[in-house]
Amino acid sequence: MLEKVPGRKVTGPASTDWEIPGMTTVAAYAAPAAKAPLERTTIERRAVGPHDVLIDIKYAGICHSDIHQVNEGWGESIFPMVPGHEIAGVVSEVGAEVTKFKVGDRVGVGCMVDSCRECEYCLRGEEQYCVKGNIPTYNGIGKDGQPTYGGYSEKVVVDEAFVVRIPDSLPLDVAAPLLCAGITTYSPLKHWNAGPGKKVAIVGLGGLGHMAVKLAHAMGAEVTVLSQSLRKKDDGLKLGADHYHATSDPKTFEELAGTFDLIVSTVSAPMDFGALLSLLRVDGALVNVGAPEEPVSLNLFSVIGGRKTLAGSAIGGIAETQEMLDFCAEHNIGAEIELIRADQINEAYDRVLASDVRYRFVIDTSTI
Ligand code: NAP
Ligand code: ZN
Ligand code: ZN
């Protein structure tokens, strides 16, 4: 017997197709197969359940993680894939038992749309480290057994527990990238106590890197950018950096040896982590958030001398994401964006891969 799950398209035994009432067909941009260009298509969104909100997506940021996954750089992906986990929009319908949101609220959705909600980490608000694995906004399987589709689309249905509020003072377009680039850098900066009296280096001035500079500066740290070249130096200083150095210049590593309390690497390609570790003070930490497709090798003497920490960090929990948005509103922080039409997504991907992004591409989803 077929089980009727609300919102799921069910195929009947006599090859009868029907849709459960309440499902919505929406336009989206999807990669039909690995490494294929994205193209316009339609997808089904589930019926709005009692705890769900329907969001009219206004803007969706392009994260380098979207490109890694379209290209199957991290392993097998699910296709067709509608990427996008930097979602900003407006609530257009709420389920009967929704308490956090009402129609018209300005909201965001980041990299997760659910988790087990009962493990140690979920209970302490670190759903990103859920022992059963959180449910990613796209390229995952939802609790209804269906693939999840992300923000490069007109609408999305998400459980209110995984939706955050975008403060009124933050325009939605520059807020969208905060949902991944913002929280992914805010979380480690806070966890490793970036603040007054701390010397913090940010490696890579792309989507994550430029947010890290703004956030670390607002937290009161002395901020240094370590970029491949000095090409973006003026921008880096305007974003709030106190110093700017090129990693391509060997003198950088001589001058800055033993300098930093904290280094956050946002680089999307394999890096010389030994060289970065040499820039830490005793007890300093190098926190990697970049997710390159290939492994890196490291001489472990780089951490032994100086009792150094090499750590990683993944996005942030839902409560911390709300905290980050409120912090950004208080400090008037949004992303630096290039607003694009949906038919420019493939070109934008090429530019991100060429480190030619200033500093986040954001899709105007009304053009889908
Ligand atoms: P992005 O906008 O492309 O920025 C990456 C930056 O890294 C580039 O702008 C470039 O900065 C630098 N870079 C690129 N290739 C390099 C190379 N070969 N050598 C040295 N530096 C290089 O990407 P993003 O969206 O910020 O994402 C960065 C990485 O973080 C990606 O791997 C992404 O998947 C990952 N990520 C992780 C999490 C997490 O939870 N940990 C969350 C989101 C994203 P310069 O031009 O200044 O050198
Ligand atoms: Zn991301
Ligand atoms: Zn859990």
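Computed from a predicted structure; not experimentally measured.

This part covers the site of ligand 1. Near ligand 1 you find 30 residues, and of these H64, L205, S227, K232 and R360 are the closest. At a separation of 2.7 Å, an oxygen atom of ligand 1 approaches a polar backbone atom of L205. I315 places a main-chain nitrogen or oxygen 2.9 Å from an oxygen atom of ligand 1. Here ligand 1 loses 89% of its free accessible area of 920 Å² to cover by the protein chains. Listed by contribution, the elements that provide at least two residues to the shell around ligand 1 are α1 (64–70) and α5 (207–218). Of the residues forming the shell around ligand 1, the biggest block, three residues, is contributed by α1. For the shell around ligand 1, the residue count by class is 14 nonpolar, 14 polar and two charged. Counting contributing residues per domain, the shell around ligand 1 is built from domain 1 (24–179 + 336–367) and domain 2 (181–312), each supplying no fewer than three.

Attention now moves to the sheet that holds strand β14 (residues 243–246). To summarise the sheet geometry, strands pair through backbone hydrogen bonds and adopt either a parallel or an antiparallel arrangement. Read across the sheet, six strands follow the order β14-β13-β12-β15-β16-β17 without closing on themselves; strand pairing throughout is parallel. The sheet terminates laterally at β14 and β17 (309–312), the two strands that pair on one side only. On average, each strand axis in the sheet is inclined to that of its neighbour by 20°, with strand direction left out of account.

The next subject is the packing of helix α4 (residues 181–191) against α5. The interhelical angle for the contact between α4 and α5, taken along N-to-C directions, is 50°, at an axis separation of 8 Å. Judged by the angle between their axes, α4 and α5 are oblique. Judged by the sense of rotation from one axis to the other, the crossing of α4 with α5 is right-handed. Between α4 and α5, the residues in contact are A181, G182, T184, T185, Y186 and L189 and G207, L208, M211, A212, L215 and A216, respectively. Residues belonging to the contact of α4 with α5 are distributed by class as follows: eight nonpolar, four polar and no charged.

Further remarks concern the environment of S265. Position of S265 among the secondary structure elements: in strand β15 (residues 260–265). A relative accessible area of 0% places S265 in the buried class. A C-alpha to C-alpha distance of 23 Å links S265 and H331, two positions 66 residues apart in sequence. If near-sequence neighbours (up to four positions away) are discounted, S265 is found in contact with V203, M271, F273, L276, L286, V287, N288, V289 and G290. Within polar-contact distance, the side chain of S265 engages the backbone nitrogen of V267 at 3.5 Å.

Around the zinc ion (ligand 3), the protein contributes the donor atoms C116 (SG), C119 (SG), C122 (SG) and C130 (SG), which lie 2.3 to 2.4 Å from the metal centre. Considering all four donor atoms around the zinc ion (ligand 3), angles at the metal cover 102 to 119° and the coordination shape is tetrahedral. Within one chain, the residues serving as donors to the zinc ion (ligand 3) are arranged as C-x2-C-x2-C-x7-C. Using a relative accessible area of 7% as the deciding quantity, one classes C130 as buried.

Checked against the element boundaries, S227 lands in strand β13 (residues 222–227). The contact partners of S227, leaving out residues within four places of it in the chain, are K232, Y244, H245, A246 and T247.

Turning our eyes to something else, we now look at the coordination of the zinc ion (ligand 2). Taken together, the protein donors to the zinc ion (ligand 2) comprise C63 (SG), H85 (NE2) and C180 (SG), at separations of 2.0 to 2.2 Å. Here H85 falls in the buried class, since its relative accessible area comes to 7%.

Contact geometry of α4 with helix α10 (residues 318–330) gives a least axis separation of 10 Å together with a crossing angle of 95°. Between α4 and α10, the interaxial angle falls into the category roughly perpendicular. Counting all contacts with α4, which are made through G182, I183, Y186, S187 and K190, the residues of α10 involved are E320, T321, E323, M324 and F327. Split into classes, the residues belonging to the contact of α4 with α10 amount to four nonpolar, three polar and three charged.

About the criteria used
- Residues numbered from 1 in each chain as written.
- Chains lettered and ligands numbered in written order.
- Predicted model: local features only at pLDDT ≥ 70, side-chain atom pairs only at ≥ 80, totals over all residues.
- Heavy atoms only, no water.
- Near = heavy atom within 4 Å.
- Polar contact = N/O pair within 3.5 Å; in protein donor to acceptor, adjacent residues only side chain to side chain.
- Areas by Shrake-Rupley, 256 points an atom, 1.4 Å probe, with all protein chains shown as cover.
- Helix = DSSP H or I, 4+ residues; strand = E, 2+ residues; numbered from the N terminus.
- Nonpolar A, V, L, I, M, F, W, Y, C, P; charged D, E, K, R; others polar.
- Domains from an automatic or database assignment.
- Pairing = 2+ DSSP bridges.
- Axes fitted to C-alpha atoms, helices over the stretch in contact; angles between N-to-C directions.
- Parallel < 35°, antiparallel > 145°, perpendicular 65-115°, else oblique.
- Left-handed = near helix turned anticlockwise from the far one by under 90°.
- Contact = heavy atoms within 4.5 Å.
- Buried < 20%, exposed > 50% of the residue type's maximum accessible area, 1.4 Å probe, protein only.
- Donors = N, O, S within 2.8 Å, 3.2 Å for Na, K, Ca; no water.
- Tetrahedral: all angles 85-135°; square planar, octahedral: opposite > 155°, others 65-115°.

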